[in-house]
Amino acid sequence: MTMCVLKKKNIPGLKLLLFRDGEEYVAHILDFDLVGTGSTKDEAVREVCEAASEQIAYALEHSCIDKIFKPAPLSCYKKWEEVGQHAIMNILISEKKKTLTRRSMPVYEAYELPAASLCPALA
């Protein structure tokens, strides 16, 4: 078993994909392939951030980063990139500030979360 030391600089910004699925919102942290759901965006994000915080805390406690990263399927990363590219075009063309795409249903939002926001020990 290989052990690796977790350092602050080892954890990049975490990719979050947020969308509505039927009656609930889904927040998906792609880097950990963790999903949170809720009746509001905030609830979904809070749920998945709590799960990610637990993953990070585990890695800190056991000094091993290889236990926490389990990437989501490639299609999720492609969607995240598509949403981000669409947002950049919206900003350039119409100065819209939100990271949204309405090309397909549901509407997706893409964010990058600093790992330190999920775990104060990384700040």
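The notes below deal with the structure included here. (Residues numbered from 1 in each chain as written. Predicted model: local features only at pLDDT ≥ 70, side-chain atom pairs only at ≥ 80, totals over all residues. Heavy atoms only, no water.)

1. Digging into the pattern of salt bridges
Note the cut-off: Think of a salt bridge as a Lys or Arg side-chain nitrogen and an Asp or Glu carboxyl oxygen that are within 4 Å of each other. Secondary structure elements follow DSSP: runs of H or I no shorter than four residues count as helices, runs of E no shorter than two count as strands, and numbering proceeds from the N terminus. For every residue, the accessible area (1.4 Å probe, protein chains only) is compared with the maximum for its type, and the residue is labelled buried under 20%, exposed over 50%, or partly exposed between those bounds.
Under the defined criterion, the tally for this structure stands at 3 salt bridges. With its nearest N and O atoms 2.4 Å apart, the salt bridge here joins E109 to K41. In this pair, E109 sits in strand β5 (residues 108-113) while K41 sits in helix α1 (residues 41-62), placing the two residues 68 residues apart along the sequence. Residue classification places E109 among the buried positions, given a relative accessible area of 8%. Under the relative-accessibility criterion, K41 is labelled partly exposed at 32%. A salt bridge links E82 to K79; its shortest N-O distance comes to 3.3 Å. Taken as a pair, E82 and K79 lie in helix α2 (residues 74-94) at a separation of 3 residues, close to a single helical turn. Among the residues examined, E82 registers a relative accessible area of 24% and is labelled partly exposed.

2. Considerations on the side chain of E109
Defined as follows: Here a polar contact is taken to be a pair of N or O atoms separated by no more than 3.5 Å, where protein atoms must pair a possible hydrogen donor with a possible acceptor and residues adjacent in sequence count only if both atoms sit in side chains.
In this structure the side chain of E109 is engaged in a polar contact, spanning 2.4 Å, whose partner is the side chain of K41. Only 2.2 Å separates the side chain of E109 from the side chain of Y111, close enough to count as a polar contact.

3. Side note on a negative patch on the surface
The test is simple: The patches reported here contain residues having more than 30% relative accessible area and no salt bridge. Joining distances are 9 Å for like charges and 5 Å for nonpolar side chains (Val, Leu, Ile, Met, Phe, Trp, Tyr). All accessible areas in this document rest on Shrake-Rupley with a 1.4 Å probe, and a residue is counted as covered only by the protein chains that are shown. For the purpose of charge, His is not counted, nor are the chain termini; Lys and Arg are scored as positive and Asp and Glu as negative. One atom stands in for each charge, and that atom is NZ of Lys, CZ of Arg, CG of Asp or CD of Glu.
Judged by side-chain charge, D21, E23, E24, D42, E43, E47, E50 and E54 come together as a negatively charged surface patch. Here the negative patch takes 5 residues from α1, the largest share from any one element. Relative to the helices and strands, E50 resides in helix α1.

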